[in-house]
Amino acid sequence: MTWGNFTSPHILSLIIAFFLNIGLYFFIRFKSKQFQTVILTSLSFLGLLAIIYNLVMWNSPLEYLPLHLCSLNAIILPFAIISKNDKLGNLLILWSLGALVALVINNAAADFKLISFTFFFYYFPHVFECGIPLIMLKLGFFKLDKKYIKSTLLITLISYTLIHFVNIGLN
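All figures in this text were calculated on a predicted structure; none of them were measured in a lab.

Caption draft 1: Spatial organisation of the nonpolar core. Counting 37 residues, the largest nonpolar core has Leu40 and Met136 as the members making the most contacts within it. A per-element tally of this core places helix α5 (residues 117-139) first, with 10 residues. Apart from the residues within four sequence positions on either side, leucine 40 is in contact with Leu24, Ile28, Ile81, Ile132, Ile135, Met136, Leu139 and Phe141.

Caption draft 2: Looking closely at helix α1 (residues 8-28). If you check α1, its first and last C-alpha atoms are 30 Å apart, about what 21 residues at 1.5 Å a residue would give, namely 30 Å. Buried residues in α1 make contact with α2 (33-57), α4 (86-104) and α5.

Caption draft 3: Molecular detail of the environment of tryptophan 3. Mapped onto the secondary structure, tryptophan 3 falls in the segment before α1. Since its relative accessible area comes to 0%, tryptophan 3 is described here as buried. Distance in space between the C-alpha atoms of tryptophan 3 and alanine 110 is 5.3 Å, their sequence separation being 107 residues. In this structure the side chain of tryptophan 3 is engaged in a polar contact, spanning 2.8 Å, whose partner is the side chain of serine 13.

Caption draft 4: Expanded view of a nonpolar patch on the surface. On the surface, a cluster of nonpolar side chains totalling about 940 Å² of accessible area is made up of Phe6, Ile11, Leu12, Ile15, Ile16, Phe18, Phe19, Leu20, Ile22 and Phe26. If you trace the backbone, leucine 12 turns up in helix α1.

Caption draft 5: Representation of the packing of helix α3 (residues 69-83) against α4. The geometry of α3 relative to α4 is characterised by a closest axis approach of 10 Å and an angle of 140° between their N-to-C directions. Compared by their axis directions, α3 and α4 come out oblique. Relative to α4, α3 is oriented so that their crossing is left-handed. Counted together, Leu69, Cys70, Leu72, Asn73, Ile76, Leu77, Phe79, Ala80 and Ser83 of α3 and Leu88, Leu91, Leu92, Trp95, Ser96, Gly98, Ala99 and Ala102 of α4 form the full contact between these two elements. Of the residues that constitute the contact of α3 with α4, the class distribution is 13 nonpolar, 4 polar and no charged.

Caption draft 6: Spatial organisation of the confidence of the model for the protein. Model confidence for the protein is summarised by a mean pLDDT of 90, while 95% of its residues fall at 70 or above. Summarising per-element confidence for the protein, the mean pLDDT is lowest in helix α6 (residues 149-170) (88) and highest in α1 (96).

Caption draft 7: Structural context of the side chain of glutamate 129. With respect to the helices and strands, the residue glutamate 129 is situated in helix α5. In this structure glutamate 129 is buried but unpaired, with lysine 84 as the nearest side chain of opposite charge at 19 Å. Every residue in contact with glutamate 129, bar those within four places of it in the chain, is listed here: Gly47, Cys70, Asn73, Ala74, Leu77, Ser96 and Ala99.

Reading the values: rules and limits
- Numbering of residues begins from 1 in every chain and follows the order in which that chain's sequence is written.
- Local features in this predicted model are restricted to residues whose pLDDT is 70 or higher, and side-chain atom pairs enter the listing and the counts only when it is 80 or higher, whereas totals over whole chains, interfaces and linings include all residues.
- Note that the side-chain values use all heavy atoms of the structure and ignore hydrogens as well as water.
- Here the nonpolar core consists of buried residues drawn from Ala, Val, Leu, Ile, Met, Phe, Trp, Tyr and Cys, with membership extended through side-chain atoms lying within 4.5 Å.
- The buried label applies to any residue whose accessible area, calculated with a 1.4 Å probe on protein chains only, is under 20% of its type's maximum; exposed applies above 50%, and partly exposed to all values in between.
- Labels follow the DSSP assignment, with helices taken as runs of H or I lasting at least four residues and strands as runs of E lasting at least two, numbered in each case from the N terminus.
- Every residue pair with non-hydrogen atoms within 4.5 Å of one another is taken to be in contact.
- Given a helix with a known number of residues, its expected span is that number minus one, times 1.5 Å.
- Nitrogen and oxygen atoms within 3.5 Å of one another constitute a polar contact, given that in protein one can donate a hydrogen and the other can accept it, and given that sequence-neighbouring residues count only through two side-chain atoms.
- A patch consists of residues exposed above 30% relative accessible area that lack any salt bridge, with like charges linked at up to 9 Å and nonpolar side chains (Val, Leu, Ile, Met, Phe, Trp, Tyr) linked at up to 5 Å.
- In this description, accessible areas are obtained by the Shrake-Rupley approach with a 1.4 Å probe, and a residue is regarded as covered only by the protein chains that are shown.
- One speaks of a salt bridge when a side-chain nitrogen belonging to Lys or Arg is within 4 Å of a carboxyl oxygen belonging to Asp or Glu.
- Here the axes come from fitting lines to C-alpha atoms, over the contacting stretch only for helices, and the angles between their N-to-C directions go from 0 to 180 degrees.
- For this classification, under 35 degrees means roughly parallel, over 145 means roughly antiparallel, 65 to 115 means roughly perpendicular, and everything else is oblique.
- When the near helix sits turned anticlockwise from the far one by under a right angle, the crossing is termed left-handed; a clockwise turn instead gives a right-handed crossing.
- Classification convention: Asp, Glu, Lys, Arg as charged; Ala, Val, Leu, Ile, Met, Phe, Trp, Tyr, Cys, Pro as nonpolar; all other residues, Gly among them, as polar.
- Confidence scores labelled pLDDT are given residue by residue by the predictor and lie between 0 and 100.
- For the purpose of charge, His is not counted, nor are the chain termini; Lys and Arg are scored as positive and Asp and Glu as negative.

Laid out in structure tokens, this is it:
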């Protein structure tokens with residue numbers, strides 16, 4: 001069975017993603033900061049594993065370089081959790097929307113079989129790249145601050161622009 005685009009499995013997977021993140025929050029909210037950090041960091045490594053999986057699995061590393069927002073999110077997320085840096089946290093709140101969009105508008109992944117490593121390494125990293133920044137915010141790992149709006153938007157614009165032109169050059 002394939003994932004599909006706005007099919008029953010797709011919609012169910014979005015509901016599961018929501019409840020996975022809510023459940024994760026309730027599971028760790030009264031635990032120590034150290035425990036929270038270990039759990040969130042461990043889950044954040046799924047994004048890095050997905051990058052490695054895509055580079056190795058498809059035998060075309062130039063086409064699967066981590067040159068899109070979700071990959072940048074995956075690379076930065078463990079550092080943001082460990083450092084509890086406000087600037088990175090504010091940046092990841094914006095970038096978590098990209099992971100949500102990748103789950104909802106899954107055109108590139110709609111033909112993935114539900115029981116496959118390809119689906120696993122697409123779905124779960126995006127679920128946690130979307131949810132972990134919000135969980136971090138709720139747990140007080142960082143504070144939202146409007147002084148970071150300019151830097152967040154500037155970093156996002158520069159990242160998108162550079163990645164866009166690198167992708168054009170490679171492809």
